[in-house]
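Structural description and commentary
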Amino acid sequence: MDKIEKDLLLQIADLHKIPEGAFNIRENGKPLKSNSTAEIEIVPKKDKSGIDIYVKPNVKNKSVHIPVIITTGGIKDLVYNDFYIGENSEVTIVAGCGIHNATNLNSEHNGIHSFHLGKNCVVTYIEKHLGVGNGMGEKVLNPVTNIVMEKNSTFTMETTQLGGVSSSVRTTKAKLFDNAKLVIKEKILTTKNQTAKTKFDVNLIGKGGSVDVISRSVAKDNSYQNFYSAVKGKAECFGHVACDGILVGNARIDSTPKIVCENVEATLVHEAAIGKIAGEQLTKLMTLGLNEEEAENLIIKGFLK
Amino acid sequence: MLELKNISYYAGNKTILDNISLNFDYGKIVAITGHNGSGKSTLVKIIMGIINQTQGNILLDGKNIDKLKINERSKLGIGFTFQQPIKFKGLTVSDLISTIAKTDNPVKCGCDYLSKVGLCAKDYLLRELDSNLSGGELKRIELAINLAENKKVNIFDEPEAGIDIWSFDGLTNIFKDLKKKNCITIIVTHQQKILEIADEIVVLNNSKLVAAGPKNKVLPTLKNEFCEKLGGEAMYG
């Protein structure tokens with residue numbers, strides 16, 4: 001691997017080398033390297049591009065890395081990855097896509113990930129997106145995450161757009177059955193003229209289901225972000241969506257909450273706060289010796305940490 | 001020495017501070033008291049540079065600091081503890097201590113200062129400074145961060161706010177330690193217990209300086225002359 005490939009893998013998947021255990025690395029629209037284990041099987045799809053990942057029941061404390069890297073312009077990648085997590089398993093899945101585009105041609109990755117969680121399983125899904133390279137070509141990422149959660153399953157999704165992505169549309173749909181627990185932590189940074197749209201659509205179908213969506217975004221310069229979330233409660237359930245945004249420069253953020261209670265025992269809450277960095281926060285950090293720019297950077301770094 | 005010379009501050013047509021001159025010496029605890037709206041907080045915010053005075057000058061060790069920004073005054077050694085601690089989503093106690101403390105070991109440093117304010121460091125170092133902490137916890141952390149700065153001038157704006165009565169000894173010990181370190185300690189306060197450990201007391205009333213001097217001289221006067229005016233028993237009871 002060359003330096004660009006290594007840097008991308010390090011930043012999106014914390015990989016310093018080819019990982020041990022189950023993994024699948026995709027580069028420039030093609031499979032690069034893949035490995036299955038006795039407990040986690042990765043099978044290439046036959047009808048379209050992508051893979052099926054099968055985690056056997058009762059697998060504990062294992063991880064799967066499936067990073068995607070694009071190292072040039074003119075690539076338009078569409079990939080379908082389906083995860084089947086066996087009952088009682090506990091796994092961490094590290095995905096993400098990094099685009100290094102130093103050309104004047106656009107590059108785009110559309111990753112459609114579908115998760116089928118068996119009963120009682122616990123999944124942590126870490127997804128990072130990054131765009132780098134000084135070319136005029138755009139770096140476009142449109143991740144789709146579909147999650148079906150059987151009884152008592154838990155899915156924690158940490159999704160981060162680190163910067164440099166020209167435009168993104170992030171779509172997450174989830175269906176939760178009895179006592180399933182979904183936690184989504186989203187962090188997005190946009191600068192220059194970038195745009196980022198996020199759409200959450202969560203259906204709490206089973207009794208005792210819960211969802212907690214925490215979205216933190218920073219929009220700088222002339223960038224634009226759009227946040228839309230719809231949470232439907234169809235049984236006794238709990239849903240909480242918090243969208244916090246910081247604006248810097250001429251940036252804009254739209255936030256649209258939608259909560260639909262279809263059961264008298266459903267409790268759904270949405271909170272949103274968007275604005276510039278509070279003056280009192282800057283003042284406080286300046287009393288600690290930071291100048292205004294350093295204070296602003298520390299606040300944003302903490303906010304997106 | 002920190003010197004305030006003829007400080008006045010006007011907000012529109014309203015006089016908030018009227019020609020205040022004071023000297024603060026190293027190794028002394030100075031309590032500034034007075035009823036609500038008398039200008040106490042404005043005065044200490046002017047020292048920190050959070051508010052700029054309309055007239056007058058501020059000198060630290062003989063150097064005029066009028067034109068210095070907040071962070072520049074901080075670097076000269078002035079620290080400020082806010083009456084209402086500021087919340088930050090995402091930033092932890094450890095983040096702030098790492099930012100300010102001149103140490104290779106911010107965790108140990110954080111432990112030292114958090115324990116001085118009665119908090120168990122391992123429970124708090126990685127906590128975010130947001131609404132998940134109670135007002136009292138935030139206040140103690142605010143105090144710990146101030147201590148970690150090791151400033152030569154330490155300003156406390158109503159440090160007792162949010163501190164329960166059982167923690168008062170810990171709070172007054174902090175001020176006594178700063179005195180031992182030969183710091184200038186300036187405390188805006190309504191609390192008799194804090195007034196009693198001060199070396200000097202400054203009294204503001206209606207934007208004016210009405211008394212300033214050694215505790216032994218000012219405190220009895222306060223109790224007799226100003227007690228009713230300044231809030232009576234509720235304030236000094």
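Residues numbered from 1 in each chain as written. Chains lettered and ligands numbered in written order. Predicted model: local features only at pLDDT ≥ 70, side-chain atom pairs only at ≥ 80, totals over all residues.

Re the overall build of chain A
For clarity, the cut-off: Here a strand is any run of E in DSSP of at least two residues, a helix any run of H or I of at least four, and the numbering for each starts at the N terminus. With the radius of gyration taken over C-alpha atoms, the globule rule is written as 2.2 Å times the number of residues to the power 0.38. The burial label depends on the number of other C-beta atoms within 10 Å of a residue's C-beta. Counts of 20 or more mean buried, 12 or fewer mean exposed, and intermediate counts mean partly exposed, with C-beta atoms placed from the backbone.
Along chain A, the regular secondary structure elements total three helices and 22 strands. Here the C-alpha radius of gyration of chain A, 20 Å, is about what a compact globule of 305 residues would show, namely 19 Å. For chain A, the C-alpha atoms occupy an extent of roughly 55 × 55 × 35 Å along the three principal directions. Looking at the 305 residues of chain A, the share that counts as buried comes to 45%.

Re the domain arrangement of chain B
All names here are of chain B. The test is simple: Domain start and end points were adopted from an automatic or database domain assignment. Any residue pair is listed as a contact if its two C-beta atoms, each placed from the backbone, are within 7 Å. Ten residues, namely Ala, Val, Leu, Ile, Met, Phe, Trp, Tyr, Cys and Pro, are considered nonpolar, four, namely Asp, Glu, Lys and Arg, are considered charged, and the remaining ones, Gly among them, are considered polar.
With domains assigned, chain B is organised as domain 1 (1-77 + 151-170 + 178-237) and domain 2 (84-150). Listed per partner, the contact involves nine residues of domain 1 and nine residues of domain 2. In the side of domain 1 that touches domain 2, the residues fall into three nonpolar, four polar and two charged.

A closer look at the sheet that holds strand E1 (residues 2-11) of chain B
Backbone-to-backbone hydrogen bonds join strands into a sheet, with any given pair of strands oriented parallel or antiparallel. Residues and elements named next belong to chain B. Formally: A pair of strands is considered paired only if DSSP assigns at least 2 bridges between the two. Only the stretch in contact is used when fitting a helix axis, every axis being a line fitted to C-alpha atoms; angles between N-to-C directions are given from 0 to 180 degrees.
Strand order in the open sheet formed by four strands is E2-E1-E4-E5, and the pairing between neighbours is antiparallel. Strand pairing shows two members of the sheet lacking a second neighbour, strand E2 (14-24) and strand E5 (63-64), which therefore form its edges. As judged from the two bridges shared by strand E4 (residues 55-60) and E5, these two strands associate in the antiparallel manner. Within the sheet, the bridge partner assigned to leucine 59 lies in E5 and is asparagine 64. Lying on the sheet, helix H1 (residues 40-48) is in contact with E1, E2 and E4; it crosses E2 at an angle near 60°.

Regarding the pairing of strand E4 (residues 50-55) of chain A
Regular strands place side chains that alternate from one sheet face to the opposite one. All names here are of chain A. Strand direction decides the pairing type here: strand E3 (residues 40-44) and E4, joined by five bridges, are antiparallel. Counted as the bridge partner of isoleucine 42 is isoleucine 53 from E4. Hairpin geometry of E3 and E4 is characterised by an intervening segment of five residues between the two adjacent antiparallel strands. Inspection of the sheet shows E4 paired to strand E7 (residues 76-85) by six bridges, in the parallel sense. Opposite tyrosine 54, over in E7, you have tyrosine 84 as the bridge partner.

Notes on H1(B)
Residue and element names in this part refer to chain B. Of all nine residues in H1, eight are buried, a share of seventy percent or more. Listed as buried for H1 are Lys40, Thr42, Leu43, Val44, Lys45, Ile46, Ile47 and Met48. Glycine 49 sits one or two positions beyond H1 and adopts a positive phi of about 90°.

Considering the interface of chain B and chain A
Contact with chain B, which involves 19 residues of that partner, is made by 17 residues of chain A. Every element with two or more residues in the side of chain B that touches chain A is listed here: helix H2 (70-76), strand E6 (78-81) and helix H3 (93-100) of chain B.

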